[in-house]
Amino acid sequence: MSSFASPDSVSNPATAGSGSMAVFAGSGDPEGLNGDGNREIMVVSDTGLLEQLTVSSGCSNSSPVSGVNAAWVFFESDCDHTGANSDGSFEIVRVSTVPSSPVIEQLTSGSDCSSLSPSVDGQGNGVVFESDCDLDSSTPGRNRDASVEVFFHDPVASSIVQLSDDLGSGACTSLHPSIDYWGGAVVFDSDCDLAGSNPDNAVEIFSSDVAGNVVQLTVGPDEFCVSEHPVPSRNASTVAFE
C-alpha cells in the first residue's frame, strides 16, 4: 500500500479469495495506468502483489465485492466500460481478476437512474443490489415509479429479478441488500410494507429468496424504531443487524 500518496486514495476494501486477496477502490497509480488519479478497482494479494483491474477517466468505480473463488469483482460504476453506458448512470459491473487481460461486463442497463451497493454470494456468481431503475427482466415497467428496490442478477439465466416492491407508492425504500454464501437468501432493510406486517412503515429487516418471496424478520414497537444494515450467516439461519 505504500504506492498510494494518502489514506484518502483507498476506499471500500473487501476480502476475496478466502481471505487471500483484498479488493478496493483506489486513486493511486501502482502500474502507471492511472495518471489522472481516477478511482479505479484494484486487487492486492496476501503477498503484496497489487494490480489495477479497471482503466477509466472522469468517472467513478466503487464498492467492489468478490466471492471465494475471486474470479470476478463486482462493483458500481458510472463509467462507460463496455460502450453500453453513454448516459453515465451508475450500473453494476463485473471485472475478471486476470491481470494481463481483465474482462469487463456490465450487468445492468438503466437510464437516468442508479444501481448501487452490490453484494455477491460466496461462489462469486449471484449478485444483489439496490436500484431505482426499472430492471425486472420478466415484468418491464414493474418499477416505473422509480422507487429504490432490491434486485437479484441471475447468473444462469443472465436475467434480473426484482425482489422487493413497494406496490407503486414510491414513498418508501428497500436498501442495503446482502446475500448469503450459498446464494439462496437475501436480507435487506426497508420502510415499505412488503409482507403486510409493517403498516407503520418503520425501517425493518426483511428476507427474500431469489424469486422474490419476501418475509419480514423484525417488528419494532413503533415507526421511530430503526433496524438496518443486515448481514446473513453462511446459510442465512441467523441475521445480524444494527
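In case you missed it, the structure is sitting above this.
These remarks concern the structure in this document. Computed from a predicted structure; not experimentally measured.

### Considerations on the state of the cysteines
In step 1: Under the criterion given, the structure shown has 3 disulfides.
In step 2: Disulfide pairing is shown between Cys59 and Cys79; the S-S distance is 2.0 Å. Taking the sign of the S-S torsion, 100° for the link of Cys59 and Cys79, the bridge is right-handed. Note that Cys59 is positioned in the loop between β4 (50–52) and β5 (61–66) and Cys79 in the loop between β6 (72–77) and β7 (91–96), a separation of 20 residues in sequence. Comparing Cys59 with Cys79, the two get one shared label, buried.
In step 3: In this model, Cys172 is linked to Cys192 through a disulfide, with the two sulfur atoms separated by 2.1 Å. Looking along the S-S bond of the Cys172-Cys192 disulfide, the torsion reads about 105°, which is the right-handed sense. With Cys172 in the loop between β12 (159–162) and β13 (174–179) and Cys192 in the loop between β14 (185–190) and β15 (204–209), the pair connects residues that are 20 residues apart, well separated along the chain. Like Cys192, Cys172 is buried.
In step 4: Disulfides within the protein chain link the bonded cysteines, taken in sequence order, as 1-2, 3-4, 5-6.
In step 5: In this structure Cys225 is a free cysteine whose sulfur lies 17 Å from that of Cys192, the closest cysteine sulfur available.

### Focus: the packing of aromatic side chains
In step 1: Going through the model one piece at a time under the given rule, you end up with 3 aromatic pairs.
In step 2: Ring centres 5.8 Å apart and planes at 15° place the aromatic pair Phe129 and Phe151 in the stacked group. Residue Phe129 is found in strand β10 (residues 127–131), and its partner Phe151 is found in strand β11 (residues 149–154); the two are separated by 22 residues along the sequence. For the pair formed by Phe129 and Phe151, the shared burial category is buried.
In step 3: With centroids separated by 4.7 Å and ring planes inclined at 80°, the aromatic side chains of Tyr181 and Trp182 adopt a geometry described as edge-to-face.
In step 4: Of note, Arg94 hangs over the ring of Trp72, and the distance from its end group to the ring centre comes to 3.7 Å.
In step 5: The ring of Tyr181 has Arg234 sitting right over it, with the charged end atom 3.8 Å from the ring centre.

Rules behind the numbers
Residues numbered from 1 in each chain as written. Predicted model: local features only at pLDDT ≥ 70, side-chain atom pairs only at ≥ 80, totals over all residues. Heavy atoms only, no water. Disulfide = S-S within 2.5 Å. Helix = DSSP H or I, 4+ residues; strand = E, 2+ residues; numbered from the N terminus. Buried < 20%, exposed > 50% of the residue type's maximum accessible area, 1.4 Å probe, protein only. Phe/Tyr/Trp six-rings, centres within 6.5 Å; stacked < 30°, edge-to-face > 60°. Lys NZ or Arg CZ within 6 Å of the ring centre and 35° of its normal.

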